[in-house]
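# Secondary and tertiary structure notes
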Amino acid sequence: MADIRTYNVVILGIGFLLIFTAFTTCGNIEQTVVKSLNSTNFTGSGYHSLGIIYGVFSFCNVLAPTIVAIIGPQFAMFLSGVLYSGYIAVFIIPSTWSFYFTSVIIGIGAAMLWTAQGHFLVENSDASTINRNTGLFWALLQCSMLFGNLYVYFDWKGKTEISDRDRKIMFIALLVISALGTLSFLALRKVCQQEELLSEEEGQSLLSTRLKYKQRATSAVTEAKTEFKTILAIFKTKTILLLSFCMAYSGLELSFYSGVYGTCIGATTHFGDAAKGLIGISGIVVGIGEIVGGGLFGLVLKNNRFRRTSVVFLGMVVHFVAFYLIFLNIPDDAPVVFQTSSQHKPYLLPSVSIALLCSFLLGLGDSCFNTQLYSILGRAFAEQSAPAFAIFKFIQSIFAAVAFFYSGYILLTWQLLVMVVMGFTGTLCFFMVERMQNMSADTQEY
């Protein structure tokens, strides 16, 4: 039994590694690819597409648990993988309507995928293996930022323009990777569990398939109603209201490092022929920052409640240093220019080393905020963790969607200023919540 569960967790991680190698790479280069399209009939925006994905994802999180409960986590993940692959396939022969249609579809698929992943991971773990399995899964997932971006670097190195042929080769390769990840979900094996309502010998043969699905659907709808009421109740608490500023900031910086900053590097004229290849290297370095931060702050300090504020403060400082260096190093019009390169000059002569240092700092700071948000939510809502995490993903995704929509219209300076203000406010509110939690713990001791 234990071997089957470990096998399932490894296959689950490999499936997500492959799918998100394709999707993360796609998101990183999307706006650059869209700007290089020679077709005058295509009027889509990579920023808008990513904004739609995150917006739809945030609202579909409410319905996803019900759908997953009815169709089962394995089939839900396979179906979601097909939707992810469909989105990537659009870039091979792009059209505006299919580009935005699949953006909506993949938002729905993402909600099902992550809900099913959590369900399947818990189903294949127990109290003694949940931490190991979670760590194994996330280690495989974080590697998705490395391989696809490495391919971008080697394929685009020395190219100032992305030709139709280059685009098709790139996205056919990403489509194959995503399809392999989707097919890997079919290799997952069912864990035998006892039936709660009817024994296998007496009851299973008496229930028709239609009746079983009806019972599962009824149960899922009832649970969904109960969880929705719980979410509304938790949302009104002082803890969530304060943490919402920090959650909102995590959404803003998520959109910046995952889609905007790579586009800025690719649009920097001074980087010349290396600019497009640097998008891939930037994505890799962001991933390294995420892995270092996740390992250090998520594992080493996870049991020390007094270190949470220190880690979040470090994350704020790291991000603010990165924002200041980006402000000096990257042209102000890099996110919004529709030509293939920027026209404005930055305050410093653009440096590849500084640009990649900022990539690392963005990943490191993101891991600081995310690991500690998960930690404090797990502590403050130990008995209601699922609804609390659902609220976190909802707020984060909404603000990521908003940021993607304005990223194509607002100069880099103003985007950085918005993140500085929200980052400082979010950190301050996190400190207040941590103090509330410590005071509550001290009161309980007495």
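Residues numbered from 1 in each chain as written. Predicted model: local features only at pLDDT ≥ 70, side-chain atom pairs only at ≥ 80, totals over all residues. Heavy atoms only, no water.

Looking up the chain in an unreviewed UniProt entry gives the name UNC93-like protein MFSD11, with the organism given as Cyprinus carpio carpio. Its UniProt record gives the chain a comment under Subcellular location (unreviewed entry), which states: "Membrane". (UniProt positions renumbered as here; feature names shortened; annotations may be inferred.)

### Observations concerning the overall build of the chain
Along its length, the chain carries 15 helices and 0 strands. In the chain, buried positions account for 51% of the 446 residues. For the chain, the share of sequence-separated contacts (at least 6 apart) that also reach a separation of at least 24 residues comes to 85%. Looking at the chain as shown, the accessible area adds up to about 20,400 Å², and 67% of this sits on carbon and sulfur atoms. (Helix = DSSP H or I, 4+ residues; strand = E, 2+ residues; numbered from the N terminus. Buried < 20%, exposed > 50% of the residue type's maximum accessible area, 1.4 Å probe, protein only. Contact = heavy atoms within 4.5 Å. Areas by Shrake-Rupley, 256 points an atom, 1.4 Å probe, with all protein chains shown as cover.)

### What about the pattern of salt bridges?
Scanning the entire structure with this criterion turns up 2 salt bridges. Of the charged contacts, one joins Arg 167 and Asp 164 as a salt bridge, the two residues approaching to 2.8 Å between their closest N and O atoms. Of this pair, Arg 167 and Asp 164 both sit in helix 8 (residues 164-184), 3 residues apart, roughly one helical turn. In this structure, the salt-bridge partner of Glu 434 is Arg 308, at a minimum N-O distance of 3.0 Å. In this pair, Glu 434 is assigned in helix 15 (residues 412-445) and Arg 308 in helix 12 (residues 308-329), connecting sequence segments 126 residues apart. On the basis of relative accessible area, Arg 308 is assigned to the buried category, the value being 4%. (Salt bridge = Lys/Arg side-chain N within 4 Å of Asp/Glu carboxyl O.)

### A look at the state of the cysteines
A complete count under the given rule lists 0 disulfides for this structure. Not engaged in a disulfide, the cysteine Cys 429 finds its nearest cysteine sulfur in Cys 246; these two sulfurs lie 8.3 Å apart. Residue classification places Cys 429 among the buried residues on the basis of a relative accessible area of 8%. (Disulfide = S-S within 2.5 Å.)

### Quick word on the packing of aromatic side chains
All told, the structure shown has 22 aromatic pairs when counted by the stated rule. Centre to centre, the rings of Phe 91 and Phe 171 are 4.6 Å apart; their planes meet at 10°, and the pair counts as stacked. One end of the pair, Phe 91, is in the loop between helix 4 (73-89) and helix 5 (96-123); the other, Phe 171, is in helix 8, with 80 residues separating them in the sequence. Of the two residues, Phe 91 and Phe 171, neither departs from the other in class, the shared state being buried. Following the ring pairs from residue to residue traces out a cluster consisting of Phe 16, Phe 20, Phe 23, Tyr 84, Tyr 87, Phe 91, Phe 99, Tyr 100, Trp 114, Phe 137, Phe 171 and Phe 185. Lying across the ring of Tyr 7, Arg 189 places its NZ or CZ 5.7 Å from the centre. (Phe/Tyr/Trp six-rings, centres within 6.5 Å; stacked < 30°, edge-to-face > 60°. Lys NZ or Arg CZ within 6 Å of the ring centre and 35° of its normal.)

### Topic: the side chain of Ser 45
Relative to the helices and strands, Ser 45 resides in the loop between helix 1 (2-36) and helix 2 (46-60). At a separation of 3.3 Å, a polar atom in the side chain of Ser 45 contacts the main-chain amide nitrogen of Tyr 47. Apart from residues no more than four positions distant in its own chain, Ser 45 is found in contact with Gln 31, Val 34, Phe 99 and Tyr 100. (Polar contact = N/O pair within 3.5 Å; in protein donor to acceptor, adjacent residues only side chain to side chain.)

### Some details on the nonpolar core
Ranked by size, the top nonpolar core spans 109 residues in total, and within it Phe 16, Met 77, Phe 171, Phe 256, Tyr 261 and Ile 326 carry the most contacts. Among the elements that make up this core, the one with the highest residue count is helix 10 (residues 238-266) (15 residues). Apart from the residues within four sequence positions on either side, Met 77 is in contact with Leu 12, Phe 16, Leu 113, Ala 116, Gln 117, Phe 120, Phe 185 and Leu 188. Membership of the second largest hydrophobic core comes to 6 residues, among which are Leu 146, Ile 284, Val 285 and Leu 356. (Core = buried A, V, L, I, M, F, W, Y, C linked by side-chain atoms within 4.5 Å.)

### Topic: helix 10
Compared with an ideal rise of 1.5 Å per residue, which puts 29 residues at 42 Å, helix 10 spans 42 Å between its outermost C-alpha atoms and is within 8% of the ideal. Its axis deflected by about 45° at Tyr 257, helix 10 carries its strongest bend there. Of all the 29 residues making up helix 10, 26 are buried; the element is thus mostly covered by neighbouring parts of the structure. (Expected span 1.5 Å × (residues − 1). Bend = angle between axes of the 7 residues up to and from the residue.)

### Some words on helix 7 (residues 144-156)
For helix 7, with 13 residues, the first-to-last C-alpha span of 19 Å sits near the 18 Å given by 1.5 Å per residue. Along helix 7, the positions that sit buried rather than exposed are Ser 144, Met 145, Leu 146, Gly 148, Asn 149, Val 152, Tyr 153, Asp 155 and Trp 156. In the stretch just after helix 7, Gly 158 is the one whose phi turns positive, near 85°.

### Brief notes about a nonpolar patch on the surface
Residues Val 62, Leu 63, Ile 67, Phe 228 and Leu 232 make up a contiguous nonpolar surface patch of about 430 Å² in total accessible area. When you line up the elements, Ile 67 lands in helix 3 (residues 64-71). (Patch = residues over 30% accessible without salt bridge, like charges linked within 9 Å, V, L, I, M, F, W, Y side chains within 5 Å.)

### Examining the confidence of the model for the chain
Taken as a whole, the chain shows an average pLDDT of 82; of its residues, 85% reach a score of 70 or greater. A low-confidence stretch, residues 194-206 stays under pLDDT 50, and its non-local contacts, those more than four residues away or across chains, total 5 contacts. (pLDDT = per-residue confidence, 0-100.)

### Examining the packing of helix 12 against helix 13 (residues 352-380)
Following both chains from N to C, one finds helix 12 and helix 13 inclined at 155°, their axes separated by 8 Å at the closest point. When the axis of helix 12 is compared with that of helix 13, the two are roughly antiparallel. For the pair helix 12 and helix 13, the sense of crossing is left-handed. Of the residues assigned to the contact of helix 12 with helix 13, the class counts are 19 nonpolar, 6 polar and 3 charged. (Axes fitted to C-alpha atoms, helices over the stretch in contact; angles between N-to-C directions. Parallel < 35°, antiparallel > 145°, perpendicular 65-115°, else oblique. Left-handed = near helix turned anticlockwise from the far one by under 90°. Nonpolar A, V, L, I, M, F, W, Y, C, P; charged D, E, K, R; others polar.)

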